[in-house]
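Fold and contact review
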Amino acid sequence: MAVTGDETESAATGDLPAYQLRSPNSSLAQSIVMAASPGAMQSPSSQHAEEITRKREVRLMKNREAARECRRKKKEYVKCLENRVAVLENQNKTLIEELKALKDIYCHKAE
DNA sequence: AATGCTGTACGTCAGTGAGG
DNA sequence: CCTCACTGACGTACAGCATT
């Protein structure tokens, strides 16, 4: 199992995760620029645009965390299944041995 | 050392079902 | 009908390993 560098990446690049550094014209980067720019008076249409951008960011952030959680749950589920396989394989082995022993007893009686 | 391959984690988009 | 959370699919970045 390879350990990825993704979790150590933010340490290597300051404190921003890689996905925030990658695309220079992402909506996030744009919105940061928008928020930082000293736009004093804003027209209703630009306010509306900003609201849309903000909503999008919130949605993306929520979805990002949902995806993380979803993957975590999936990994846990797979681990459970693997455990179950191991248990069932052991049970199967035990039952096969038990059957073999019973067959032996039966054969000796028949003689 | 350079390069290609593989596995892992991530973010985003699009589709879907549940609840209000 | 709308909104929200969940999830599969896709593309991307990166690390580690093998080969040249």
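So, how was this worked out
- Residues numbered from 1 in each chain as written.
- Chains lettered and ligands numbered in written order.
- Predicted model: local features only at pLDDT ≥ 70, side-chain atom pairs only at ≥ 80, totals over all residues.
- Heavy atoms only, no water.
- Helix = DSSP H or I, 4+ residues; strand = E, 2+ residues; numbered from the N terminus.
- Buried < 20%, exposed > 50% of the residue type's maximum accessible area, 1.4 Å probe, protein only.
- Salt bridge = Lys/Arg side-chain N within 4 Å of Asp/Glu carboxyl O.
- UniProt positions renumbered as here; feature names shortened; annotations may be inferred.
- pLDDT = per-residue confidence, 0-100.
- Contact = heavy atoms within 4.5 Å.
- Patch = residues over 30% accessible without salt bridge, like charges linked within 9 Å, V, L, I, M, F, W, Y side chains within 5 Å.
- Areas by Shrake-Rupley, 256 points an atom, 1.4 Å probe, with all protein chains shown as cover.

Chain A goes by cAMP responsive element modulator in an unreviewed UniProt entry, where it is assigned to Mastacembelus armatus.

Glancing now at the overall build of chain A. Counting its secondary structure elements, chain A contains four helices and zero strands. The N-to-C order of helical and strand elements in chain A reads α-α-α-α. Within the span of chain A, comprising 111 residues, buried residues form 4% of the whole.

What follows concerns the pattern of salt bridges. One pass over the full model with this rule turns up three salt bridges. For the salt bridge of Glu 51 with Arg 54, the shortest nitrogen-to-oxygen distance reads 3.2 Å. In this pair, Glu 51 and Arg 54 are both assigned in helix H4 (residues 44-110), three residues apart and thus about one turn of the helix distant. A relative accessible area of 32% means that Glu 51 is categorised as partly exposed.

Glancing now at the UniProt feature "coiled-coil region" (unreviewed entry) in chain A. Per the UniProt record, the feature "coiled-coil region" (unreviewed entry) sits at residues 71-105. In residues 71-105, helix accounts for 100% and strand for 0%; the two terminal C-alpha atoms are 51 Å from one another.

This next bit is on the confidence of the model for chain A. Of all residues in chain A, 63% attain a pLDDT of 70 or more, and the chain-wide mean is 70. In this model residues 1-39 is a low-confidence stretch, pLDDT under 50, and it forms 18 contacts with partners more than four residues away in sequence or in other chains.

Below, the discussion takes up a nonpolar patch on the surface. Nonpolar side chains collect at one region of the surface, where Tyr 77, Val 78 and Leu 81 lie side by side and expose about 280 Å² of accessible area between them. Positionally, Leu 81 belongs in helix H4. Using a relative accessible area of 39% as the deciding quantity, one classes Leu 81 as partly exposed.

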